[in-house]
Amino acid sequence: MAEKVSACKVQIKPIISPISGELSDRVLRKCNFCEKECEYFTNQSQIIDRLSGPKNFYCSFCLRHGFNNRSNRDVFILSFRSIYAYFYLQNYFCSTIGKKLWISEIEDYIESHKDVGLINPLFFYDDDTMLWFIDFSKVGNSKKKIPLDEILKTVVNILASFNFRENIIGMKLSDLYLKYKEGIEAFYQKRHMPKDGRILIPTLENTGAVYSKAHNIEKTKKFIFKNLCVKKN
Ligand SMILES: [Zn+2]
């Protein structure tokens, strides 16, 4: 039997908006420059909104380093995320290929690659996203600039810190390095961005590294520190 529905009077009141009309006091926003997703309390975002400018949003890291300015056209973003993802998935989670690694060892590799990169003052690193930012406005052949070779040398040193010979058997470091080199040179010469977006994150595909069929190679580009979870046996 159908239930009887009766009408009653209701009073509708507007929601008291914390700042600018958002329906929640927490908002998730994506940085216009580095694409980081950030969660903010609306009552805390006033400063960020003012610094970002109308209809824009930049994360605190980008604002702190001035990547919200027009000069950000000279900043190139790259990452080594696919390598940590490989270490986690192949050397830890499945641990069938290469040397077995513990989570703490992978964390040590992440820390040491950071230490190596930060030796170069034109390299900036964001721990949250594991992205590197290189300021190319200071790269060149004039007196106050550093030559491109110094940028490439830092990338080689970072790659060397991962000890591929033991950890990824069969991988050719030179093949992986070439992917970084080509992307960096294209940006240096013509400010060309990587084909698939603003951020250069080469995968280990076609370098001799063996992937398990279960792993989606493209997804390894999105791997970040918080994905390093202990495996449940
Ligand atoms: Zn950002």
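Quick note: structure is the one above.
Keep in mind it's a predicted model, so treat the numbers as computed, not measured. (Residues numbered from 1 in each chain as written. Predicted model: local features only at pLDDT ≥ 70, side-chain atom pairs only at ≥ 80, totals over all residues.)

1. So, the sheet that holds strand β3 (residues 75-79)
Across the sheet, four strands lie side by side as β4-β5-β3-β6; this open sheet has mixed pairing. Among the strands making up the open sheet, the edge pair consists of β4 (123-126) and β6 (199-200). Here β3 runs beside β6; their pairing, made up of two bridges, is parallel. The residue bridging Leu-78 from the neighbouring strand is Leu-200, located in β6. Where helix α7 (residues 173-190) meets the sheet, it contacts β3 and β6, and its direction lies at approximately 170 degrees from that of β3. (Pairing = 2+ DSSP bridges. Helix = DSSP H or I, 4+ residues; strand = E, 2+ residues; numbered from the N terminus. Contact = placed C-beta atoms within 7 Å. Axes fitted to C-alpha atoms, helices over the stretch in contact; angles between N-to-C directions.)

2. So, the packing of helix α3 (residues 81-93) against helix α4 (residues 103-117)
Their axes nearest at 10 Å, the elements α3 and α4 cross at an angle of 160 degrees. Taken together, the axis directions place α3 and α4 in an arrangement best described as roughly antiparallel. By crossing handedness, the relation of α3 to α4 is classed as right-handed. Residues Tyr-84, Phe-87, Tyr-88 and Tyr-92 of α3 lie in contact with α4, whose contacting residues are Ile-103, Ile-106, Tyr-109 and Ile-110. A class-by-class count of the residues in the contact of α3 with α4 yields eight nonpolar, no polar and no charged. (Parallel < 35°, antiparallel > 145°, perpendicular 65-115°, else oblique. Left-handed = near helix turned anticlockwise from the far one by under 90°. Nonpolar A, V, L, I, M, F, W, Y, C, P; charged D, E, K, R; others polar.)

3. Brief notes about the nonpolar core
A general tendency of soluble globular proteins is for nonpolar side chains to be buried together. Counting 46 residues, the largest nonpolar core has Cys-34, Cys-62, Ile-77, Leu-78, Tyr-84, Tyr-86 and Phe-133 as its most contacted members. The set of elements that each furnish at least two residues to this core consists of α2 (60-64), β3, α3, β5 (131-135), α5 (148-160), α7 and β6. It is α3 that provides the largest number of residues to this core, a total of seven residues. (Core = buried A, V, L, I, M, F, W, Y, C linked by C-beta atoms within 7 Å. Buried ≥ 20, exposed ≤ 12 C-beta atoms within 10 Å, placed from the backbone.)

4. As for the pairing of β3
Along β3, five of the five residues are buried, which leaves the element largely enclosed by surrounding structure. Residues of β3 alternate between two faces, with Val-75, Ile-77 and Ser-79 on one and Phe-76 and Leu-78 on the opposite face, all of them buried. Bridge count for β3 against β5 is five bridges, and the pairing is antiparallel. Looking across to β5, one finds that Leu-78 is bridged to Trp-132.

5. Topic: α3
Extensive coverage of α3 is indicated by the burial of 11 of its 13 residues. Of the positions making up α3, those classed as buried are Arg-81, Ser-82, Ile-83, Tyr-84, Ala-85, Tyr-86, Phe-87, Tyr-88, Leu-89, Gln-90 and Asn-91. The inward-facing, buried residues of α3 contact β3, α4 and α6 (164-167).

6. Observations regarding unusual backbone geometry
Backbone geometry places Glu-35, a non-glycine residue, at a positive phi of 70 degrees. Looking at where Glu-35 falls in the secondary structure, it is placed in the loop between β1 (26-30) and β2 (37-41). Residue classification places Glu-35 among the partly exposed positions, given that 14 C-beta atoms sit within 10 Å. Positive phi outside glycine occurs at Met-130, with the angle close to 60 degrees.

7. Examining the packing of α5 against α7
Running from N to C, α5 and α7 point in directions that differ by 150 degrees, and their axes come no closer than 11 Å. By the angle between their directions, the pair α5 and α7 is classed as roughly antiparallel. Handedness of the α5/α7 crossing: right-handed. In this structure, α5 uses Leu-148, Ile-151, Leu-152, Val-155, Val-156 and Leu-159 to contact α7, whose residues at the interface are Leu-173, Leu-176, Tyr-177, Tyr-180, Lys-181, Ile-184 and Tyr-188.

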